[in-house]
Amino acid sequence: MSRKNISVFIPHMGCPNACSFCDQRTISSTAHAPTPEEAEEIIKGAYDYITAPEDRAETEIAFFGGSFTAIDREYMVSLLKTAAKYLKTPERDGFCGIRISTRPDCIDEEILMLLKGFGVTAIELGAQSMSDNVLAANRRGHTADDVKNASRLIKSHGFELGLQMMVGLYKSTPEDELHTMNGIIQLAPKTVRIYPVAVLKGTQLAELYDSGEYRLYPFDECVRLCAELMKGFTENGIKVIRLGLHAEESVESKAVAGFYHPALGELVRSEWVKELIETELSEKGSADCKASNRNMSILVGHKRSNKLYFADKNVTFTRYDSLPNDRIFINDMGYIIQ
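Treat the numbers as computed from the prediction; the structure is a model and nothing was measured.

Peer 1: Tell me what's going on with the overall build of the chain, and back it up with residues and numbers.
Peer 2: In terms of regular secondary structure, the chain is built from 14 helices and 13 strands. Taking 2.2 N^0.38 as the reference for a compact globule, 338 residues should give roughly 20 Å; the C-alpha atoms of the chain span a radius of gyration of 21 Å, in line with that estimate. Based on the C-alpha atoms only, the size of the chain along its principal axes is roughly 65 × 55 × 35 Å. Across the chain, the fraction of contacts at a sequence separation of at least 24, relative to all contacts at a separation of at least 6, is 77%. In the form shown here, the chain has an accessible surface area of approximately 15,700 Å², with 49% of it arising from carbon and sulfur atoms. Charged side chains of the chain number 39 positive and 47 negative; the gap between the two group centres comes to 2 Å.

Spelled out as structure tokens, the structure:
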């Protein structure tokens, strides 16, 4: 069973930097900081709706949208106290833990002890890049070493580690993206989020883009890179829990450029599978592609793109409902596609 989140969005508060890409009010869809009472209304609503103990035990309370450990301490504690009332204990059914997102330079021993005391179980860090040049160019205000140190500290305290990276930042190259992937793999997080850049109005990136100083990769190159990233993370046992921003009207209306696409995940998986098929075809001269009904759309590609691409080649696509749902098969070799 996949883990679910009850998301409580905290707008851009307390963060010491104005990063080149950041318009947090757009991304979190709200400029209003929820009071503890408003946060409880969201959490209690989900608690009352999710009645099965086993479903509650697979659900996290997630504080997303800003740098959680950089907000006012009293406010942060009030939110944690509220959330902790709905966690699983020996006496009651409840949610399995609390997930937060924050910056690498807003983590230390003291804050981790505080988070642990309120039932936080997972911490996601906005690494964005493992290149110091890219981090500096995009005004991140931290270094790759900060990401490494914070990640190791988080894991040493028993938290689940998640890392977030961005693709196509100012001054970043395809080689930088692969360097970031390899750096993240070395830190061995449990989860990763991949965010191809969306250039939003009112940001430094938008100014650089308008001036011509910042040029994006071709969209097809971004798709190819993301496919390589997903393949690398999957082969190293790291779960990709998000690819691209959520499809929200507020983002669509403010995106002036970038890699924002409502079907980006499907496009990337199609490219990933196409490359797997091409490898098998070149090595064996044919590719017998099979999947269950659930995975046939991944196999044949976005809008049947893979089936059309290989139409004049020795490639077959067959559905077998008896096949496992966690992978596709090419010449009897099983591949997990996240």
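Back to the text.
Peer 1: I'd love a proper account of unusual backbone geometry, names of residues and values included.
Peer 2: At arginine 139, a position not held by glycine, the phi torsion is positive, near 55°. Of note, arginine 139 is situated in the loop between α6 (132-137) and α7 (144-156). Residue class for arginine 139 comes out partly exposed when judged on its relative accessible area of 46%. For lysine 303, which is not glycine, the phi dihedral falls at a positive 55°. Assignment of secondary structure puts lysine 303 in the loop between α13 (296-300) and α14 (305-309).

Peer 1: Describe the sheet that holds strand β13 (residues 333-335), listing the residues and the values that go with them.
Peer 2: With mixed pairing, the four strands of this open sheet are ordered in space as β11-β10-β12-β13. Across the chains shown, the open sheet's two edge strands, defined by having one partner strand only, are β11 (315-319) and β13. Adjacent strand axes in the sheet meet at a mean angle of 25°, parallel and antiparallel pairs treated alike. In the packing of helix α12 (residues 264-284) onto the sheet, the strands contacted are β10 (287-291), β11, β12 (328-330) and β13, and the crossing angle to β12 comes to about 25°.

Peer 1: If you had to explain the pairing of strand β3 (residues 97-102) to someone new, which residues and values would you point to?
Peer 2: Most of β3 is tucked away, with six of its six residues classed as buried. Of the two faces of β3, both are covered, the one formed by Gly97, Arg99 and Ser101 as well as the one formed by Ile98, Ile100 and Thr102. Where the polypeptide runs from strand β2 (residues 59-64) across helix α4 (residues 73-84) and back to β3, its parallel neighbour, the crossover connection is right-handed. In the sheet, β3 pairs with strand β4 (residues 120-128) via five bridges, with the strands oriented parallel. In the sheet register, arginine 99 faces β4, and the bridge partner there is alanine 122.

Peer 1: Give me the pairing of β2: which residues, what numbers.
Peer 2: Of all six residues in β2, six are buried; the element is thus mostly enclosed. Residues Thr59, Ile61 and Phe63 line one face of β2 and the alternating positions Glu60, Ala62 and Phe64 line the opposite face, and both faces are buried. Inspection of the sheet shows strand β1 (residues 4-9) paired to β2 by six bridges, in the parallel sense. Opposite asparagine 5, over in β2, you have glutamate 60 as the bridge partner. Relative to β3, β2 runs parallel, the two sharing four bridges. Paired with phenylalanine 63 across the strands is isoleucine 100, a residue of β3.

Peer 1: Mind laying out helix α9 (residues 204-211), listing which residues take part and the relevant values?
Peer 2: Listing the buried residues of α9 in full gives Gln204, Leu205, Ala206 and Leu208. Tucked into the core, α9 has its buried residues touching α6, β7 (198-200) and β9 (255-258). At the C-terminal side of α9, glycine 212 shows a positive phi close to 90°.

Peer 1: Could you give an account of the pattern of salt bridges, with specific residues and numbers?
Peer 2: Per the counting criterion, the structure on display carries 20 salt bridges. One salt bridge connects arginine 99 with glutamate 60, and the closest N-O pair in it is separated by 2.8 Å. Taken together, the residues arginine 99 in strand β3 and glutamate 60 in strand β2 connect sequence positions 39 residues apart. One exposure class covers both arginine 99 and glutamate 60, and it is buried. Arginine 73 is the salt-bridge partner of glutamate 110, the closest N and O atoms lying 3.1 Å from each other. One end of the pair, glutamate 110, is in helix α5 (residues 109-117); the other, arginine 73, is in helix α4, with 37 residues separating them in the sequence. Take glutamate 110: its relative accessible area is 44%, and that puts it in the partly exposed class. Connected through shared salt-bridge partners, Glu60, Arg99, Glu124, Glu160, Lys190 and Arg193 make up one network.

Peer 1: Outline α4, listing residues and values.
Peer 2: The first and last C-alpha atoms of α4 sit 16 Å apart over 12 residues, in line with the 16 Å expected at 1.5 Å per residue. Residues of α4 that are buried: Tyr75, Met76, Val77, Leu79, Leu80, Thr82 and Ala83. Check the buried side of α4 and you find it contacts α2 (36-49), β2, β3, α5 and β4. Measuring from the backbone nitrogen of glutamate 74 back to the side-chain oxygen at the start of α4 gives 3.2 Å, which picks out aspartate 72 as the cap.

Peer 1: I'd like a rundown of the side chain of threonine 102, residues and numbers included.
Peer 2: Here threonine 102 lies in strand β3. The buried category is assigned to threonine 102, whose relative accessible area is 5%. Sequence-distant contacts of threonine 102, defined by excluding residues within four places in its chain, comprise Ser67, Phe68, Thr69, Ala70, Ile107, Ile123, Glu124, Leu125 and Gly126.

Criteria and cut-off values
- Residues numbered from 1 in each chain as written.
- Predicted model: local features only at pLDDT ≥ 70, side-chain atom pairs only at ≥ 80, totals over all residues.
- Heavy atoms only, no water.
- Helix = DSSP H or I, 4+ residues; strand = E, 2+ residues; numbered from the N terminus.
- Rg over C-alpha atoms; globule rule 2.2 N^0.38 Å.
- Contact = heavy atoms within 4.5 Å.
- Areas by Shrake-Rupley, 256 points an atom, 1.4 Å probe, with all protein chains shown as cover.
- Lys, Arg positive; Asp, Glu negative; His and termini not counted.
- Charge placed at Lys NZ, Arg CZ, Asp CG, Glu CD.
- Buried < 20%, exposed > 50% of the residue type's maximum accessible area, 1.4 Å probe, protein only.
- Pairing = 2+ DSSP bridges.
- Axes fitted to C-alpha atoms, helices over the stretch in contact; angles between N-to-C directions.
- Right-handed = clockwise from strand over helix to strand, strands pointing away.
- Salt bridge = Lys/Arg side-chain N within 4 Å of Asp/Glu carboxyl O.
- Expected span 1.5 Å × (residues − 1).
- Polar contact = N/O pair within 3.5 Å; in protein donor to acceptor, adjacent residues only side chain to side chain.

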